[in-house]
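The primary structure of each chain is shown beneath.
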Amino acid sequence: MKIENNAVIEMHYTLTNKTGEQLDSSVGQQPLAYLHGAGNIIPGLENALTGKSAGDKLTVTIEPEDAYGTRDDEKIQVVGKEMFTGIDNMEVGMQFQADSSAGPAIVTIAKIDGDEITIDGNHPLADEQLTFDVEVIEVRPATETELEHGHIHGEACDHGE
Ligand code: ZN
């Protein structure tokens, strides 16, 4: 079958940035599986995969707008050290999961100045043009439960079915 909304896709991918540096790859590990059309992966990659079938290989370059977005200075804030109680050895570059008005987000410590901590809520890959080398391994229809949950079920799933 061809990739369409509500299909489950398994694929291998290698992700590189504009300078050709490899950022991530599934090759040699489990393929990445996701539910198509549910916003589980970045829009640029999802669009490029629509209509492809198992065995297809493609290389797509995606602008930040269709990947992890552009940098927003409003997502950079200075907070007091007391926000991080229980964490010793705070370092620039450390990442935390935080709750924001837009849902859970990863924040990165950008600067430490005494008791003032600058946190950056931009995605680490914001502003990056990304290139994916993709091989589609399998395409199957999603089950009803998967559609209900908006994600796939498999070995990595912690609630069965
Ligand atoms: Zn589920």
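Residues numbered from 1 in each chain as written. Predicted model: local features only at pLDDT ≥ 70, side-chain atom pairs only at ≥ 80, totals over all residues. Heavy atoms only, no water.

Visitor: A description of the overall build of the chain should follow, citing residues and the corresponding values.
Guide: Per the secondary structure count, the chain includes 2 helices and 9 strands. C-alpha atoms of the chain, sized along the principal axes, occupy 55 × 40 × 30 Å. For the chain, buried positions account for 34% of its 161 residues. Here the contacts in the chain between residues at least 6 apart in sequence split such that 62% fall between residues at least 24 apart. (Helix = DSSP H or I, 4+ residues; strand = E, 2+ residues; numbered from the N terminus. Buried < 20%, exposed > 50% of the residue type's maximum accessible area, 1.4 Å probe, protein only. Contact = heavy atoms within 4.5 Å.)

Visitor: Report on the nonpolar core, specifying residues and quantitative values.
Guide: Formed by 22 residues in total, the largest nonpolar core has its most connected members in Leu45, Leu49, Phe132 and Val134. Secondary structure elements with two or more residues in this core: strand E1 (7-16), helix H1 (43-49), strand E4 (57-62) and strand E9 (130-141). Discounting residues that sit within four places of it in the chain, Val134 has contacts with Met11, His12, Tyr13, Leu45, Leu49, Asp56, Lys57 and Leu58. By size, the runner-up hydrophobic cluster in this structure holds 8 residues, among which are Val79, Met90, Phe96 and Val107. (Core = buried A, V, L, I, M, F, W, Y, C linked by side-chain atoms within 4.5 Å.)

Visitor: So what's going on with the pattern of salt bridges? Which residues, and what values?
Guide: Here the structure, examined in full by the defined rule, presents 2 salt bridges. Across the salt bridge formed by Arg71 and Asp120, the nearest N and O atoms sit 2.9 Å from each other. With Arg71 in the loop between E4 and strand E5 (76-80) and Asp120 in strand E8 (residues 116-120), this residue pair connects regions lying 49 residues apart in the sequence. The salt bridge involving Arg140 is made with Glu146; its shortest N-O contact spans 3.1 Å. Judged by its relative accessible area of 25%, Arg140 falls in the partly exposed class. (Salt bridge = Lys/Arg side-chain N within 4 Å of Asp/Glu carboxyl O.)

Visitor: Tell me about the packing of aromatic side chains, and please be specific about residues and values.
Guide: Here the structure, examined in full by the defined rule, presents 2 aromatic pairs. Geometrically, the ring pair formed by Phe84 and Phe96 is tilted, given 5.2 Å between the ring centres and 55° between the ring planes. With Phe84 in the loop between E5 and strand E6 (95-100) and Phe96 in strand E6, this pair connects stretches of sequence that are 12 residues apart. Grouping residues by exposure puts Phe84 and Phe96 together as buried. (Phe/Tyr/Trp six-rings, centres within 6.5 Å; stacked < 30°, edge-to-face > 60°.)

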